[in-house]
Amino acid sequence: MDTAELISKVFLPLSLAIIMLGMGMTLIPDDFKRIFKYPKAIFIGLTNQLILLPIVGFLLAIVFNLDPIMAVGLIILAACPGGPTSNLITQVCKGNIALSVTLTAIASFISILLIPFILSYALAYFGTNTTTEIKLPILDTILQIMVITVIPISIGMLIRKFKTSFAMRMEKPMRMASTVIFILVFAAVLAANKDMLIDGMKKAGLVTLLLNLITMSLGYFTAKLFKLDLKSRISITIESGIQNGTLAFVIAASILNNVEMGIPIGAYAIWMFITGGILMWYFGRKKEIKKN
């Protein structure tokens, strides 16, 4: 196992699981009950993730006249919304963590069903002459989501319930630890994939940056249009603009057997960490963001 595989298959999932544990320690069951009592935020978030995001991806690929390989790579990215990284960024930004986790979970499950249809259309439209049948390992993907997100969060919530004072004392240290892990993961990703990332920035740097910024903007302004509170706007902004790059790369490299399709995903990873880091710095230092 080389360095890149070690980071992606061991260090990254383990780090994200630890981050999810810390998030769980900030949550109580009422956080989730409130969301389902007021489902507007979920509807807006899912609309951005599952409908607007792929549409923006298609439009950008057409406007920039990307070559077929780059275009399909961009669509793969746009078809993989959410992911544990968005939950991490939301936590540090003091957003609505329960909303973020809920959107990630629901969008992840739905996208497993939608991705084959979106990619089949993209392959036919952009004409890559790829005849590979698209089949996602559904059970493996669900298990991965469970292990990395649901189980650690549940354990954290149990700690919050039975060791409340400890969990509350650990809230600030865990947020700081999450920020450190975020920076370390960013540095490790850059170091392990520097050649592909440099190539990706040359071929798809601008279009992936626009995908990130446009979808984040759509998330924020649609949430504001429907008069959601600031914490929920933060969550929807991040969930709309931060994609599951890990899943996207697995689809490109393992399912479609085309590593070159992962080039836009590599370029996007740089922008995701940069814009996510800016949001973490901006909102993380704001004391006026209060709990719902």
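Residues numbered from 1 in each chain as written. Predicted model: local features only at pLDDT ≥ 70, side-chain atom pairs only at ≥ 80, totals over all residues. Heavy atoms only, no water.

### A short note on the packing of aromatic side chains
To keep things clear, this is the line we draw: Aromatic rings from Phe, Tyr and Trp, with only the six-membered ring used for Trp, were paired whenever their centres fell within 6.5 Å, and each pair was classed as stacked if the ring planes differed by under 30 degrees, edge-to-face if by over 60, and tilted otherwise. Per the convention used, a helix needs a DSSP run of H or I reaching at least four residues, while a strand needs a run of E reaching at least two, with both numbered from the N terminus. Residue burial is assigned from relative accessible area. The probe radius is 1.4 Å, only protein chains are included, and a residue is buried under 20% of its type maximum, exposed over 50%, and partly exposed in between.
Summed over the entire model, instances satisfying the criterion amount to six aromatic pairs. A centroid spacing of 5.9 Å and a plane angle of 15 degrees characterise the contact between Phe58 and Phe126, whose relative ring orientation is stacked. Linking Phe58 in helix H3 (residues 40–63) with Phe126 in helix H6 (residues 97–126), this pair joins segments that are 68 residues apart in sequence. Judged by its relative accessible area of 14%, Phe126 falls in the buried class. In this structure an aromatic cluster arises from ring pairing among Phe58, Tyr121, Tyr125 and Phe126.

### Considerations on the environment of Met170
Following the sequence through the fold, Met170 ends up in helix H8 (residues 164–192). For Met170, a relative accessible area of 26% puts it in the partly exposed group. Sequence separation of Met170 and Met25 is 145 residues, and the distance between their C-alpha atoms is 8.1 Å.

### Quick look at the side chain of Asn87
Defined as follows: N or O atoms within 3.5 Å of each other form a polar contact, as long as, within protein, one can give a hydrogen and the other can take it, and as long as residues adjacent in sequence are counted only when both atoms are side-chain atoms. In what follows, a contact means two residues having at least one pair of non-hydrogen atoms within 4.5 Å.
Here Asn87 is to be found in helix H5 (residues 84–92). At 2.8 Å, the side chain of Asn87 and the side chain of Ser100 are in polar contact. In terms of polar contacts, Asn87 uses its side chain to reach the side chain of Glu239, at 3.4 Å. Apart from the residues lying within four places of it in its own chain, the contact partners of Asn87 are Met20, Met23, Ser100, Val101, Thr104 and Glu239.

### Some thoughts on the packing of H5 against helix H10 (residues 230–241)
Selection criterion: Note on geometry: axes are lines fitted to C-alpha atoms, helical ones only across the stretch in contact, with angles between N-to-C directions running from 0 to 180 degrees. Put simply, angles under 35 degrees are roughly parallel, angles over 145 are roughly antiparallel, angles from 65 to 115 are roughly perpendicular, and the rest are oblique. Should the near helix be turned counterclockwise from the far one by less than a right angle, the crossing is left-handed, whereas a clockwise turn marks it as right-handed. Under the scheme applied here, ten amino acids are nonpolar (Ala, Val, Leu, Ile, Met, Phe, Trp, Tyr, Cys and Pro), four are charged (Asp, Glu, Lys and Arg), and all others, including Gly, are polar.
Where H5 meets H10, the axes come as close as 9 Å, and the angle between the chain directions of the two elements is 150 degrees. On the basis of their axis angle, the class for H5 and H10 is roughly antiparallel. Between H5 and H10 lies a crossing of right-handed hand. On H10, the residues that touch Ser86, Asn87, Ile89 and Thr90 of H5 are Ser235, Ile238 and Glu239. In terms of residue class, the contact of H5 with H10 is built from two nonpolar, four polar and one charged.

### Details of helix H4 (residues 68–78)
The buried count for H4 comes to ten of eleven residues, which makes it a mostly enclosed element. What H4 keeps buried is the set Ile69, Met70, Ala71, Val72, Gly73, Leu74, Ile75, Ile76, Leu77 and Ala78. For H4, the N-terminal cap is Asp67; the gap from its side-chain oxygen to the backbone nitrogen of Ile69 is 3.1 Å.

### A few points about unusual backbone geometry
The backbone phi angle of Asn65 is positive, close to 50 degrees, even though this residue is not glycine. Here Asn65 shows up in the loop between H3 and H4. On the basis of relative accessibility, which here comes to 67%, the residue Asn65 falls in the exposed class. Of note, the phi angle at Lys227 is positive, near 60 degrees, even though the residue is not glycine. Mapped onto the secondary structure, Lys227 falls in the loop between helix H9 (194–225) and H10. Residue classification places Lys227 among the exposed positions, given a relative accessible area of 74%.

### Notes on H6
Selection rule: What a helix should span is 1.5 Å times the count of its residues minus one. At any given residue, the bend is defined as the angle formed between two axes, one fitted to the seven residues that end at that position and one fitted to the seven that begin there.
Between the first and last C-alpha of H6 there are merely 38 Å, a value that for 30 residues lags more than 12% behind the 44 Å anticipated at 1.5 Å per step. If you look at H6, its biggest bend is around 40 degrees, right at Leu114, and the proline Pro116 turns up within four residues after that. With a side-chain oxygen positioned 3.3 Å from the backbone nitrogen of Ala98, the residue opening H6 is Asn96.

### Quick notes on the environment of Leu114
Relative to the helices and strands, Leu114 resides in helix H6. For Leu114, a relative accessible area of 33% puts it in the partly exposed group. Counting along the chain gives 64 residues from Leu114 to Leu50, while the straight-line C-alpha distance between them is 8.5 Å.

### What about the confidence of the model for the protein?
Selection rule: Every residue is assigned a pLDDT by the predictor, reflecting its confidence on a scale from 0 to 100.
Per-chain confidence: the protein averages 80 in pLDDT, with 80% of residues scoring 70 or above. Across the protein, element-level confidence peaks in H3 with a mean pLDDT of 93 and bottoms out in helix H1 (residues 3–24) with 69.

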